[in-house]
Amino acid sequence: MDITADQTIPEIAPTFRLQWEKAQNCYVVLYPEGMVKLSPSAGEIMKRIDGAQSVADIISELQQQFPDAELEQDVRKFMEVAHDNGWIRAKQ
Amino acid sequence: MTTAGFEQSSKGKPLWLLAELTYKCPLQCPYCSNPVEIAKYQDELTTEEWFRVMREAREMGATQLGFSGGEPLVRKDLEELIAEARRLGFYTNLITSGVGMDEDRIKAFKEAGLDHIQISFQASNEELNNYLAGTKSFNHKYEMARLVKKYEYPMVLNIVLHRKNIEQIDDIINMCNDLDADYVELASTQYYGWSRINIDQLLPTKEQLDNAWQVTQKYKEKYKDKMKLIYVIPDYYETRPKPCMNGWGSVFLTIVPDGTALPCHAAHQLPIEFPNVRDWTIEGLWNDSEGFNVFRGFDWMKEPCRSCPEKTKDFGGCRCQAYMLTGDARNADPVCDKSPYHAELHADVERINKLAKEQDPNKDEKPLMFRNMRNSKDIEKDAKKPHLETTE
Ligand code: SF4
Ligand code: SF4
């Protein structure tokens, strides 16, 4: 399944955990013995990946919150990167 | 333990907390990195004391927590410690031999919120595994690894490589694949702790290492969508040291069973007084203790490191290796070919290589010194003339 397609419902892969880190002031992705800090925009996308909303839902929600941003391509691109890193997968 | 994936924090916070809960262990690996003086660490921190350590480290920004040992499963309060760690927001890693585990406990850990389990194997077949572990443990480990996957934990399998098992690298990797490991850590023994005593029998030859490297590369490609292979090559054959612990007191905090805090789990061998959590807060010992500050920055360095442009890259290498091999922890790690001790190290490695080649594989060489409390006490008693005692 194409992770960037409108109807795809992405979810966090079971070996990863997304968490807000107060000390770092950012979202982080945690996995066995490691951590990746997310940029603010990556954090905004990741926190909406909940296994319920589709890619299209996420884009439209972000568009509402940030009406001036051209973000559709960025969101799709991020889905691809996050998928390549194994952080997310398409819900079956 | 690897530092893979950890971004270095410029602020220097203890992001990684390694809790060595106990040095009791049912296994007796002759390469164990625990101190040779394990018998001296009986006065273990209580559950409440660990709660405080975890809370204070978390407040400073620690995210990763490793429960290790010895064998952490020996602690009856492990479930409680996991639950509290998870409640505090740690990503919790259990680093275990699998001995002392059963399905009920795996389930209980899951309910407590454990994130990940790492199991160590000594080898890929029963005979060698059990010989190296000093116990019959292979089949049980195998079964535990299956259960870890059944309960949907991410699973890391860790195998310490040395002369006795490195030629089985193909089998080891295939075993990990059969067990559906998510990550495989092939760590070379570091020559401190018990492996230092057994170095003549354990140091792999250059040919063995080169071969293992090639085999690993092949499998990395082959299994790349399924499991991640991490092969940490030893630096004894290199000309530049590794940036040890990402710099002294910059990311890692180890607490050993009696509450002593170390910047690296091997630092106990240094002639330095390290702070104890029974006398200090985590913030206090991290920021203000002598032990955590001695090798921070660059002012402590001697030549050739002091004026070397590469010092910001490798921090002069490993302090423990420098101390062990040169007698002064402020010297450059002798792995570096700028070190005046490099030739000595090289000669010693050559000597062991020669020894390994001349060794008749059918004849037993000098017996391995297994890691157990009795040997620890004997070494303690007889520091100059270690008792070579095997536990067959
Ligand atoms: S390396 Fe072996 S002996 Fe040492 S703590 Fe681990 S399992 Fe026990
Ligand atoms: S001299 Fe010291 S700082 Fe320079 S490369 Fe060697 S170990 Fe690193």
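Residue numbers here run from 1 along each chain, matching the order of that chain's written sequence. The lettering of chains begins at A and the numbering of ligands begins at 1, in the order of writing. A pLDDT threshold of at least 70 governs which residues receive local features in this predicted model, and a stricter bar of 80 or more applies before side-chain atom pairs are shown or counted, although totals over entire chains, interfaces and linings include all residues. Excluding hydrogens and water, the side-chain values take into account all heavy atoms of the structure.

(A) Looking closely at the overall build of chain B. For chain B, the count of helices and strands is 15 helices and nine strands. Computed over its C-alpha atoms, the radius of gyration of chain B comes to 20 Å, within 12% of the 21 Å expected for a compact globule of 392 residues. The principal-axis extent of the C-alpha atoms belonging to chain B is close to 55 × 50 × 50 Å. Between two residues, a contact is recorded if the distance between any of their heavy atoms is within 4.5 Å. Pairs at least 24 residues apart make up 72% of the contacts formed inside chain B by residues separated by at least 6 positions. The secondary structure listing takes helices from DSSP runs of H or I that are at least 4 residues long and strands from runs of E that are at least 2 residues long, numbered from the N terminus. Radius of gyration: over C-alpha atoms. The globule rule applied is 2.2 Å multiplied by the number of residues raised to the 0.38 power.

(B) Molecular detail of the overall build of chain A. The number of helices and strands found in chain A is three helices and five strands. Reading the helices (α) and strands (β) of chain A from amino to carboxyl end gives β-β-β-β-α-α-α-β. At 13 Å, chain A has a C-alpha radius of gyration in line with the 12 Å of a compact globule built from 92 residues. Oriented by its inertia axes, the alpha-carbon framework of chain A measures out at about 35 × 30 × 20 Å. Only protein chains enter the accessibility calculation, which uses a 1.4 Å probe; a residue is then buried when its area is under 20% of its type maximum, exposed when over 50%, and partly exposed in between. Across the 92 residues of chain A, 50% fall into the buried class. Look at the contacts in chain A between residues 6 or more apart in sequence, and 53% of them connect residues 24 or more apart. Here chain A displays about 4,800 Å² of accessible surface, and carbon together with sulfur accounts for 48% of that area. Values of accessible area rely on a 1.4 Å probe in the Shrake-Rupley scheme; residue burial ignores everything except the protein chains shown.

(C) Region of interest: the UniProt feature "binding site: [4Fe-4S] cluster" (unreviewed entry) in chain B. All names here are of chain B. Mapped onto the present numbering, the UniProt feature "binding site: [4Fe-4S] cluster" (unreviewed entry) falls on Cys 25, Cys 29 and Cys 32. Among the secondary structure elements, Cys 25 is positioned in the loop between β1 (16-20) and α1 (47-59). Among the residues examined, Cys 25 registers a relative accessible area of 27% and is labelled partly exposed. Setting aside chain neighbours within four positions, we find Cys 25 in contact with Gly 70, Glu 71 and Arg 371. The contact partners of Cys 29, leaving out residues within four places of it in the chain, are Gln 122, Leu 132, Ala 133 and Arg 371. UniProt positions are given in the numbering used here, feature names are shortened, and annotations may be inferred rather than shown by experiment.

(D) Fine view of the site of ligand 1. One heavy atom within 4 Å of a molecule or strand makes the whole residue count as near it. The environment of ligand 1 is formed by Cys25(B), Leu27(B), Gln28(B), Cys29(B), Cys32(B), Asn34(B), Gly70(B), Ser97(B) and Arg371(B). Residue type decides the class: Asp, Glu, Lys and Arg count as charged, Ala, Val, Leu, Ile, Met, Phe, Trp, Tyr, Cys and Pro as nonpolar, and the leftover types, Gly among them, as polar. Considered class by class, the residues forming the shell around ligand 1 number four nonpolar, four polar and one charged.

(E) A look at the packing of helix α6 (residues 169-178) of chain B against helix α9 (residues 206-222) of chain B. All names here are of chain B. Every angle, taken between N-to-C directions, lies between 0 and 180 degrees, and every axis is a line fitted to C-alpha atoms, over only the stretch in contact when it is a helix. The contact between α6 and α9 brings their axes to 10 Å, and the two run at 30°. Judged on the interaxial angle alone, α9 and α6 are roughly parallel. As α6 runs across α9, the sense of the crossing is right-handed. Contacts from Ile 169, Asp 170, Ile 173 and Asn 174 in α6 reach Ala 212, Val 215, Thr 216, Lys 218 and Tyr 219 in α9. In these notes the angle categories are as follows: under 35 degrees is roughly parallel, over 145 is roughly antiparallel, 65 to 115 is roughly perpendicular, and the rest is oblique. Should the near helix be turned anticlockwise from the far one by less than a right angle, the crossing is left-handed, and should it be turned clockwise, the crossing is right-handed.

(F) Structural view of the interface of chain A and chain B. The interface of chain A with chain B comprises 15 residues on the first partner and 26 residues on the second. Buried area is a sum: the accessible area each of two parts loses on coming together, probed at 1.4 Å, counted once for each and added. Of the roughly 1,700 Å² buried where chain A meets chain B, counting both sides, 49% is carbon and sulfur surface. On the chain A side of the contact with chain B, Arg17(A), Pro32(A) and Glu33(A) bury the most area, a combined 43% of that side's loss. A pair is scored as a salt bridge if a Lys or Arg side-chain nitrogen falls within 4 Å of a carboxyl oxygen belonging to Asp or Glu. Counting across the chain A and chain B interface gives two salt bridges. Put simply, Arg17(A) and Asp115(B) hold a salt bridge, and the shortest N to O gap is 2.5 Å. Whenever a nitrogen or oxygen atom comes within 3.5 Å of another N or O atom, the pair is scored as a polar contact, on the condition that within protein one atom can donate a hydrogen and the other can accept it, and that pairs from neighbouring residues in sequence are kept only if both atoms are in side chains. At the boundary of chain A with chain B, the tally comes to seven residue pairs in polar contact (both at pLDDT 80 or more). Counting residues per element, the side of chain A that touches chain B draws most heavily on strand β4 (residues 34-37) of chain A, at four residues. When its residues are assigned to classes, the side of chain A that touches chain B shows seven nonpolar, four polar and four charged.

(G) A look at α9(B). Residues and elements named next belong to chain B. In this scheme, a helix's expected span is set at 1.5 Å multiplied by one less than its residue total. A rise of 1.5 Å per residue sets the reference length of α9, with its 17 residues, at 24 Å; its end C-alpha atoms lie 25 Å apart and thus fit the reference within 8%. By the burial criterion, the buried members of α9 are Gln 208, Leu 209, Ala 212, Val 215, Thr 216 and Tyr 219. Summarising the axial view, the buried residues of α9 lie within an arc of 130°, below the 170-degree limit, and thus occupy one face. Exposed and facing more than 90 degrees away from the buried side of α9 are Gln 214 and Glu 221. Among the structural elements, α6, β6 (183-188) and β7 (228-232) are those in contact with the buried residues of α9. Working note: the arc is built from the helix axis to C-beta atom directions.

(H) Quick peek at the pattern of salt bridges. Following the criterion strictly, the structure yields 30 salt bridges over all chains and no others. By sharing partners, the salt bridges in this structure join Arg240(B), Glu310(B), Lys313(B), Asp337(B) and Lys338(B) into a single network.

(I) Main features of unusual backbone geometry. Residues and elements named next belong to chain B. The step from Gly 69 to Gly 70 runs through a cis peptide bond, and the omega angle for that step is 15°. With respect to the helices, strands and loops of the structure, Gly 70 is situated in the loop between β2 (64-68) and α2 (78-88). For the bond running from Glu 303 to Pro 304, omega is 5°, close enough to zero to count as cis. When you line up the elements, Pro 304 lands in the loop between α11 (290-293) and α12 (311-314). Of note in this structure, Glu 152 is not a glycine but carries a positive phi near 60°. Unusually for a residue other than glycine, Met 245 sits at a positive phi of about 55°.

(J) A look at the nonpolar core. One finds Phe67(B), Leu186(B) and Ile255(B) to be the most contacted residues of the largest nonpolar core, which totals 66 residues. Those residues in contact with Phe67(B) that lie beyond four places of it in its chain are Ala19(B), Leu21(B), Met54(B), Pro72(B), Leu78(B), Leu81(B), Ile82(B), Ala85(B), Thr92(B), Asn93(B), Leu94(B) and Ile95(B). Side-chain atoms within 4.5 Å link the members of a nonpolar core, which is a set of buried Ala, Val, Leu, Ile, Met, Phe, Trp, Tyr and Cys residues. Residues Val28(A), Met245(B), Leu270(B) and Cys320(B) belong to the second largest nonpolar core, which totals 39 residues.

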